[in-house]
Amino acid sequence: MNRWLRWSSTLGVNLIVLAFVMFALIPFIQIASMSIETPVELLSNTFHLVNHPTWANYKDIFSASSAAGAVGQVSSFVRYFLNSLFVSTVSVLIALTVAIPAAAGLAHLIPSLRNNLLFTYLSFYFSPALAIVVPLYIIFSHIGLTNTYTGLIWSYQIVVLPFMVVMLTGYFEQLPKETEEAAVIDGAGQWTLFWRIRIPLMSGGIAASAIIGFMYAWNNLLLPLVLGNQGTQPVTVGILSFISYNQASWGPMAAATMISAIPEVVLTLAVQRYLVRGLTLGATSELV
Amino acid sequence: MMDTSPGMPPSAALSKMRKPRFKLHTVYVWMTIPALVILALVLVPFLYGVSLSLTNYTLISPEFHFIGLANYQELLNGSSGFWHALRITFEYTFLVIIIEMPFGTLLALLLNSARLWFPGVARSLVLIPLMIPPVVAGLMWKIIVSPGQIVPEILSLFGLGNWPWLSGLRTALLSVVIMDAWVNIPFVALIVFAGLQGLPKTTEEAASIDGANALQRIWHVTLPQLKPFLILALLFRLIMSLQQFDLIFGSTQGGPVNATLTAVLDAYQQAMQFNNVAYSMSEIVVLWAISYILSWIVFRWQFAKRPVEGTIR
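Note that the coordinates shown come from a computational prediction; the quantities given were computed from them, not determined experimentally.

The rules behind the values
- Residues numbered from 1 in each chain as written.
- Chains lettered and ligands numbered in written order.
- Predicted model: local features only at pLDDT ≥ 70, side-chain atom pairs only at ≥ 80, totals over all residues.
- Heavy atoms only, no water.
- Helix = DSSP H or I, 4+ residues; strand = E, 2+ residues; numbered from the N terminus.
- Buried < 20%, exposed > 50% of the residue type's maximum accessible area, 1.4 Å probe, protein only.
- Areas by Shrake-Rupley, 256 points an atom, 1.4 Å probe, with all protein chains shown as cover.
- Polar contact = N/O pair within 3.5 Å; in protein donor to acceptor, adjacent residues only side chain to side chain.
- Contact = heavy atoms within 4.5 Å.
- Core = buried A, V, L, I, M, F, W, Y, C linked by side-chain atoms within 4.5 Å.
- Salt bridge = Lys/Arg side-chain N within 4 Å of Asp/Glu carboxyl O.
- Buried area = accessible area lost by both parts, 1.4 Å probe.
- Nonpolar A, V, L, I, M, F, W, Y, C, P; charged D, E, K, R; others polar.
- Patch = residues over 30% accessible without salt bridge, like charges linked within 9 Å, V, L, I, M, F, W, Y side chains within 5 Å.
- Expected span 1.5 Å × (residues − 1).
- Bend = angle between axes of the 7 residues up to and from the residue.
- Axes fitted to C-alpha atoms, helices over the stretch in contact; angles between N-to-C directions.
- Parallel < 35°, antiparallel > 145°, perpendicular 65-115°, else oblique.
- Left-handed = near helix turned anticlockwise from the far one by under 90°.

Caption draft 1: A look at the overall build of chain A. The helix and strand tally for chain A stands at 15 helices and 2 strands. With 288 residues in all, chain A has 59% of them scored as buried. Total accessible area on chain A stands at roughly 11,300 Å², and carbon and sulfur atoms take up 68% of it.

Caption draft 2: Geometry of the side chain of Ser 209 of chain A. Residues and elements named next belong to chain A. Tracing the sequence through the fold places Ser 209 in helix H10 (residues 203-219). Side-chain polar atoms of Ser 209 contact the backbone oxygen of Gly 205, separated by 2.9 Å. In this structure Ser 209 touches Phe 163, Met 164, Met 167 and Leu 168, once residues within four positions along its chain are discounted.

Caption draft 3: Here's a closer look at the environment of His 52 of chain A. Residues and elements named next belong to chain A. Structurally, the position occupied by His 52 is in the loop between helix H2 (39-43) and helix H3 (56-62). Note: C-alpha distance between His 52 and Glu 37 (15 residues apart in sequence) is 6.7 Å. Excluding its chain neighbours within four sequence positions, the residues that come into contact with His 52 are Ile 36, Thr 38 and Glu 41.

Caption draft 4: Representation of the nonpolar core in the model. One finds Leu 161, Met 164, Leu 168 and Phe 172 of chain A together with Ile 132 and Phe 245 of chain B to be the most contacted residues of the largest nonpolar core, which totals 182 residues. With 16 residues, helix H10 (residues 172-198) of chain B is the single largest residue contributor to this core. In this structure Leu 161 of chain A touches Ala 95, Val 98 and Ala 99 of chain A together with Ala 35, Ile 38 and Leu 39 of chain B, once residues within four positions along its chain are discounted.

Caption draft 5: Main features of the pattern of salt bridges. Residue and element names in this part refer to chain B. What the rule picks out here adds up to 3 salt bridges over all chains. Among the salt bridges present, the one from Glu 100 reaches Arg 237, with a minimum N-O distance of 2.7 Å. Residue Glu 100 is located in helix H6 (residues 82-111), and its partner Arg 237 is located in helix H12 (residues 214-242); the two are separated by 137 residues in the primary sequence. For the pair formed by Glu 100 and Arg 237, the shared burial category is buried. A salt bridge links Arg 237 to Asp 180, with the nearest nitrogen and oxygen atoms 2.8 Å apart. Pair noted here: Arg 237 is in helix H12 and Asp 180 is in helix H10, with a separation of 57 residues, a long-range link. This pair shows no difference in class: Arg 237 is buried, exactly as Asp 180 is. Here the salt bridges do not stand alone but share partners, grouping Glu 100, Asp 180 and Arg 237 into one network.

Caption draft 6: Quick look at the interface of chain A and chain B. Every contact between the two is made by 102 residues of chain A and, on the other side, 104 residues of chain B. Taking both partners together, chain A and chain B bury about 9,300 Å²; carbon and sulfur atoms supply 79% of that area. Connecting chain A to chain B are 0 salt bridges. The interface formed by chain A and chain B holds 9 residue pairs in polar contact (both at pLDDT 80 or more) in total. The biggest single contributor to the side of chain A that touches chain B is helix H1 (residues 3-35) of chain A, with 21 residues. Taken together, the residues that form the side of chain A that touches chain B break down as 70 nonpolar, 24 polar and 8 charged.

Caption draft 7: Here's a closer look at a nonpolar patch on the surface. A contiguous nonpolar patch, built from Trp 7, Leu 11, Leu 15, Leu 18, Met 22, Ile 29 and Leu 49 of chain A together with Trp 117, Phe 118 and Val 121 of chain B and spanning about 1,000 Å² of accessible area, is present on the exposed surface. Of the residues forming the nonpolar patch, the biggest block, 6 residues, is contributed by H1 of chain A. Looking at the element boundaries, Met 22 of chain A is found in helix H1.

Caption draft 8: Up close: the environment of Pro 101 of chain A. Position of Pro 101 of chain A among the secondary structure elements: in helix H4 (residues 76-108). Overall, the relative accessible area of 23% leaves Pro 101 of chain A in the partly exposed class. Separated by 68 residues in the primary sequence, Pro 101 of chain A and Thr 169 of chain A have C-alpha atoms spaced 9.5 Å apart. Contacts of Pro 101 of chain A, omitting those with residues within four sequence positions, involve Leu 96 of chain A together with Met 31 of chain B.

Caption draft 9: Structural view of helix H7 (residues 119-131) of chain B. Given a rise of 1.5 Å per residue, 13 residues ought to cover 18 Å, and the 19 Å separating the end C-alpha atoms of H7 of chain B matches this to within 8%. Taken as a whole, H7 of chain B has its buried residues at Ala 122, Val 126, Leu 127, Ile 128, Pro 129, Leu 130 and Met 131 of chain B.

Caption draft 10: Structural context of the side chain of Ser 260 of chain A. Checked against the element boundaries, Ser 260 of chain A lands in helix H13 (residues 250-270). A relative accessible area of 1% places Ser 260 of chain A in the buried class. Engagement of the side chain of Ser 260 of chain A in a polar contact is seen with the backbone oxygen of Ala 256 of chain A, the distance being 2.8 Å. Setting aside residues up to four positions removed in sequence, Ser 260 of chain A forms contacts with Trp 218, Val 235 and Ile 239 of chain A together with Pro 133 and Val 136 of chain B.

Caption draft 11: Up close: the environment of Asp 246 of chain B. Note that Asp 246 of chain B resides in helix H13 (residues 246-251). You can call Asp 246 of chain B buried: its relative accessible area is 14%. When residues no more than four places from it in sequence are discounted, the contact partners of Asp 246 of chain B are Asn 219 and Leu 221 of chain A together with Pro 134 and Val 135 of chain B.

Caption draft 12: Structural context of helix H7 (residues 149-174) of chain A. Residues and elements named next belong to chain A. Between its first and last C-alpha atoms H7 spans 36 Å; for 26 residues at 1.5 Å apiece the expected length is 38 Å, and the two agree. Within H7, the axis deviates most sharply at Ile 158, by approximately 40°, and proline Pro 162 lies no more than four positions further along. Counting buried residues in H7 gives 21 out of 26 residues, a clear majority hidden from the surface.

Caption draft 13: Representation of unusual backbone geometry in the model. All names here are of chain B. One non-glycine residue with positive phi stands out, namely Val 257, at about 45°. Relative to the helices and strands, Val 257 resides in the loop between H13 and helix H14 (263-273). Given the relative accessible area of 72%, Val 257 is considered exposed. Residue Asn 258 is not a glycine yet carries a positive backbone phi of 60°. Considering the arrangement of structural elements, one finds Asn 258 in the loop between H13 and H14.

Caption draft 14: Spatial organisation of the packing of H1 of chain A against H10 of chain B. For the pair H1 of chain A and H10 of chain B, interaxial distance at closest approach is 11 Å and the crossing angle is 115°. Between H1 of chain A and H10 of chain B, the angle is such that the two are roughly perpendicular. The two elements H1 of chain A and H10 of chain B cross, and the hand of that crossing is left-handed. The segment H1 of chain A lies against H10 of chain B, with Phe 20, Phe 23, Ala 24, Pro 27 and Phe 28 of chain A engaging Ile 178, Trp 182 and Ile 185 of chain B. A breakdown of the residues in the contact of H1 of chain A with H10 of chain B according to their chemical character gives 8 nonpolar, no polar and no charged.

Listed below in structure tokens is the structure:
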């Protein structure tokens with residue numbers, strides 16, 4: 001191939017990728033810029049990069065006298081953020097506690113049963129979340145679980161648990177059999193095998209499924225929208241309350257948007273190579 | 001048929017060692033019980049919801065009774081908004097798939113290209129939209145496409161500054177599809193990219209030696225081998241866009257004048273705003289059936305034909 005053609009195709013590949021990158025980043029450029037603008041700049045009604053950067057918007061959403069209101073002693077944004085953190089973390093911990101043994105069990109069951117179970121799990125994905133949320137709302141209001149953390153964490157299991165079981169089952173199946181056999185020959189019991197061999201070997205997989213499960217929980221909107229109230233709702237719902245503001249209040253909203261997006265971006269970049277499996281409920285390891 | 005006499009070969013010793021596993025089989029069944037219990041706690045509401053769709057339950061009145069399929073009849077006769085919502089849902093899903101599949105595949109091929117200058121950086125950056133909550137994505141886009149903001153300003157360079165985006169009756173749906181594409185082109189790309197990484201280099205080299213150019217190699221060699229991954233991406237995009245809620249709720253909430261009111265949005269409004277829980281549940285059951293049938297067709301098409309074999313790492 002001649003040199004000119006090679007160079008121009010290299011340039012073409014990089015330019016198109018650059019276009020994709022710009023497309024991915026455009027919203028962040030404007031929102032990040034807005035989050036450090038003053039109300040006067042925001043009102044000018046045309047996009048421009050910030051002239052007089054200020055942290056005022058960030059201070060606002062974190063102070064109890066925030067324009068967005070407050071719950072008790074803390075600003076409502078802080079409350080939403082802590083709710084997200086608490087509900088997502090506890091949901092993931094509960095899901096891990098039941099999903100690890102379940103996955104270990106499933107990995108040892110006969111394949112046909114396992115694949116049926118896999119499809120059953122996947123079929124949870126086929127059902128719209130509303131099919132579960134609305135009845136849960138009715139049941140919860142009878143037993144007093146609406147607007148409680150318990151109710152939210154219970155409902156979050158539908159988001160976190162099936163995916164975690166499938167993903168972890170894939171990891172258990174991939175564990176090298178030789179190590180286990182060696183351990184059994186050395187006299188290790190099933191319990192030792194489980195705790196000393198299998199769990200350490202798949203700590204990476206467990207961490208990845210925990211983080212991706214956390215992402216699913218954190219991103220969820222519908223469950224807390226229906227089942228929570230201002231005291232228990234996470235940022236995904238809380239951020240919607242900023243929407244009705246006039247344009248001068250877009251600053252705090254932009255700041256809130258940045259803060260609610262950042263933890264996840266950081267966490268998920270850390271487990272990037274596990275993302276495919278997580279986002280497809282483990283299906284890439286099971287089906288393809 | 002196992003020889004357990006002393007002096008047996010090592011392989012037989014191993015298979016004897018493995019024997020306790022079968023005794024422990026019940027233990028493995030028991031280990032799955034807690035997870036099944038929790039799933040049952042989630043399944044019960046689903047069945048309860050399906051049964052509610054056969055009643056005239058509303059959130060306001062405590063009195064309700066069995067009315068058979070009356071809700072479904074109401075849905076399917078022309079006077080309900082459900083047909084409109086279904087049409088919007090299918091248009092949305094169709095547009096999402098015909099935009100996201102080719103662009104996602106293109107992005108994956110480019111990210112896999114040896115000619116890319118900063119592959120690590122590029123891969124991380126294009127994935128970022130996938131990591132933020134979809135409702136936040138909807139909210140961000142709602143702001144940046146409003147008049148005078150960054151997107152119309154950029155488009156005005158091409159004379160498209162007046163495209164009405166979310167406020168136009170005809171443009172709102174396409175605008176939401178573009179937002180969905182922003183979030184999920186990386187999703188498709190990620191799955192296809194995983195497929196590309198697992199492909200053997202040999203077939204492509206052979207085609208190259210046979211004189212195939214880059215485009216021919218991609219079309220005739222790479223893409224056919226990627227089929228399982230393309231169908232997997234299609235399956236997930238199909239299910240998720242039929243049920244897209246967060247993104248639309250964050251941006252248009254179904255408006256303007258129901259232009260983006262998909263079936264899920266409609267069912268949400270019926271249940272939580274108009275209190276018609278039973279009617280809403282019947283809408284959801286119909287949508288569930290549609291999603292299930294469509295995804296079963298796609299699932300059968302590729303995956304159920306052959307036994308599960310091997311794994312992709």
